[in-house]
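Below are the chains, spelled out letter by letter.
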Number of protein chains: 2
Amino acid sequence: MSTKERILDASLQLFNEQGERKVTTNHIAAHLAISPGNLYYHFKNKQAIIFALFERYESRVLDILQVPEERALQPLDKLRYLQDIFTGLWDYRFMHRDMEHLLLADAELHARYRAFFRLCLQRVQQIFRGLAEAGIIRISEADIASLALNTWIVVTSWFSFLRCNLLNADVDAISPELLRGGIYQVFTLERPYLTDEYREAMNQLQQQFIPRPSWLEADEETVG
Amino acid sequence: MSTKERILDASLQLFNEQGERKVTTNHIAAHLAISPGNLYYHFKNKQAIIFALFERYESRVLDILQVPEERALQPLDKLRYLQDIFTGLWDYRFMHRDMEHLLLADAELHARYRAFFRLCLQRVQQIFRGLAEAGIIRISEADIASLALNTWIVVTSWFSFLRCNLLNADVDAISPELLRGGIYQVFTLERPYLTDEYREAMNQLQQQFIPRPSWLEADEETVG
DNA sequence: GTATTATTAGAGTCATTACTCTAAAAGGTC
DNA sequence: GACCTTTTAGAGTAATGACTCTAATAATAC
């Protein structure tokens, strides 16, 4: 594997584990047992590393959010979308953790991200239209737009939410297992729109993702 | 006004305008035309300033999220809750901007925030129960829990969403006017649960908050 | 007015971190 | 093996920012 790829992989790993801000370029170099000079030979600065990782993330997500043209959507498609998207978010979880900071520091990335967001929103709306055409949900166009936006917000904020509200502050306590609660929440968003025909089946699907709500477990703190 | 209060006010203003990370303690002191030593006489460190601001924020929010005991909830109550909460979020918008960072840096604040979150979630659920008792919505207990959580996520993420997706990267472009879109989104969350009796009235209420969706305006960037 | 305490100034410290610079090594070509 | 390009090492720099330290000034008490 090329040094460039190794730098990207190591950066992604360290960013995910510790957050982008806590990981210095020297830190990345040390992790790979290479010199800082070597790292800067391959990337002109830290932002360039982040930008390259964003490109990976973007293509990963856009690959997932496609509506099959040759067939109608099925209930299990929705599940697959959610699982794949949440897994992608997990693999690049550092991004939405510090998104504002990253975008503010890099105007080019910001523009790129905005375009990416709008494309995603369109794709999500397409998926809802597909579900409607398949008779799984029944929903107006206006509600599709609003529902897609709510879905985007809940999905992209889910790990942030967990990190802020988990019992122990330990970041390592966040595991892919906690994806489940996020999937459950998105099911709730769409549930009211289910048609009679599919309501029962989809509700049973959702039941598989009932979270153990760890964010509600009591600890000794109280609010004055 | 005491120096301590002035430091808090100035910090809040600067944090909101520029983000907590960009505002140094020297910066705050300079803004007030006092010395850094003076600032550190009143607060032992930067975290202490943030903690004090959180206490203000917490009491502001908890004041708002109360269910009147002497009367039933009315449709306009819901509107008032949303407007007051979003205004509160606006006034302390730096908090949710960097919440993860703030909490990770201060275990005490983290514990306090967790307790605050859980209390808020209970209060929001109480409000939904109140709306159900008043015959405005019809919803199961399980859905109340999930809806309350989605509401929390959308509300607390709204400004983050805007900052990431607004057309121009300029932070000053964010104005209280953009609250409206957030209110609209939360209405959408609850809309499917409205009873026949109140559906029309609430939908009309929601129409007042149709956003000009500035995050969808086209610019010249494209996604490859 | 003197003693004591509360408040303020402001220069300075120390750690951090993104990034640079020079030169050496490795790899390829003929 | 001579020449050229690519890759690497690693010491060093320059800026930043949270925080400290000493001493001066104001406020208060008696």
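Look up a bit, the structure's there.
Scope of this entry: the structure provided in the associated data block. (Residues numbered from 1 in each chain as written. Chains lettered and ligands numbered in written order. Predicted model: local features only at pLDDT ≥ 70, side-chain atom pairs only at ≥ 80, totals over all residues. Heavy atoms only, no water.)

**Section: the relation of the copies chain B and chain A**
Move 1: Between the two copies, chain B and chain A, the superposition gives an RMSD of 0.0 Å; the rotation angle is 180° and the shift along the axis is 0.0 Å. Each copy turns onto its partner about a two-fold axis. The position closest to the rotation axis in chain B is occupied by the C-alpha of Pro192 of chain B, lying 2.9 Å away.
Move 2: Here 100% of the contact residues of chain B are again contact residues in chain A; the copies associate through an equivalent surface. (Least-squares fit on C-alpha atoms with pLDDT ≥ 70 in both. Contact = heavy atoms within 4.5 Å.)

**A short note on the side chain of Asp77 of chain B**
Move 1: With respect to the helices, strands and loops of the structure, Asp77 of chain B is situated in helix α5 (residues 75–91).
Move 2: Asp77 of chain B gets classed as buried once you look at its relative accessible area, which sits at 5%. (Helix = DSSP H or I, 4+ residues; strand = E, 2+ residues; numbered from the N terminus. Buried < 20%, exposed > 50% of the residue type's maximum accessible area, 1.4 Å probe, protein only.)

**Considering the interface of chain B and chain A**
Move 1: Facing 55 residues of chain B, the contacting portion of chain A comprises 55 residues.
Move 2: Where chain B touches chain A, the interface holds eight salt bridges.
Move 3: With a shortest N-O distance of 3.8 Å, Asp98 of chain B and Arg21 of chain A are connected by a salt bridge.
Move 4: Counting the contacts that link chain B with chain A gives 21 residue pairs in polar contact (both at pLDDT 80 or more). (Salt bridge = Lys/Arg side-chain N within 4 Å of Asp/Glu carboxyl O. Polar contact = N/O pair within 3.5 Å; in protein donor to acceptor, adjacent residues only side chain to side chain.)

**Notes on the packing of helix α10 (residues 179–190) of chain B against helix α11 (residues 196–207) of chain B**
Residues and elements named next belong to chain B.
Move 1: Between α10 and α11, whose axes approach to 9 Å, the crossing angle comes to 160°. Between α10 and α11, the crossing angle belongs to the class labelled roughly antiparallel. As for how α10 packs across α11, the hand of that crossing is left-handed. Between α10 and α11, the residues in contact are Tyr184, Phe187 and Thr188 and Met202, Leu205 and Gln206, respectively. (Axes fitted to C-alpha atoms, helices over the stretch in contact; angles between N-to-C directions. Parallel < 35°, antiparallel > 145°, perpendicular 65-115°, else oblique. Left-handed = near helix turned anticlockwise from the far one by under 90°.)

**Description of the protein's contact with DNA strand D**
Move 1: Around DNA strand D sit 15 residues, and of these Ser35, Tyr41 and His42 of chain A together with Thr24 and Thr25 of chain B come closest.
Move 2: Within 4 Å of the protein, atoms of DNA strand D come from sugar and phosphate in 70% of cases.
Move 3: In the model, a base oxygen of DNA strand D is placed 3.5 Å from a nitrogen or oxygen of the Gly37 of chain A main chain.
Move 4: The separation between a phosphate oxygen of DNA strand D and a polar side-chain atom of Tyr41 of chain A is 2.7 Å.
Move 5: Counting only elements with at least two residues in the surface near DNA strand D, the list comes to α3 (36–42) of chain A together with α2 (25–32) of chain B.
Move 6: Counting residues per element, the surface near DNA strand D draws most heavily on α3 of chain A, at five residues.
Move 7: Split into classes, the residues belonging to the surface near DNA strand D amount to five nonpolar, nine polar and one charged. (Near = heavy atom within 4 Å. Nonpolar A, V, L, I, M, F, W, Y, C, P; charged D, E, K, R; others polar.)

**As for the packing of aromatic side chains**
Move 1: Under the defined criterion, the tally for this structure stands at 26 aromatic pairs over all chains.
Move 2: Both rings, one in Phe54 of chain A and one in Phe116 of chain A, keep their centres 5.6 Å apart while their planes meet at 85°; by these two values the pair is edge-to-face. Of this pair, Phe54 of chain A sits in helix α4 (residues 46–64) while Phe116 of chain A sits in helix α8 (residues 107–133); the two residues are 62 residues apart in sequence, bridging distant segments of the chain. Pair check on accessibility: Phe54 of chain A and Phe116 of chain A agree, each one buried.
Move 3: A centroid spacing of 6.3 Å and a plane angle of 20° characterise the contact between Phe187 of chain B and Phe209 of chain B, whose relative ring orientation is stacked. Within this pair, whereas Phe187 of chain B is found in helix α10, its partner Phe209 of chain B is found in the segment after α11, the two being separated by 22 residues in sequence. (Phe/Tyr/Trp six-rings, centres within 6.5 Å; stacked < 30°, edge-to-face > 60°.)

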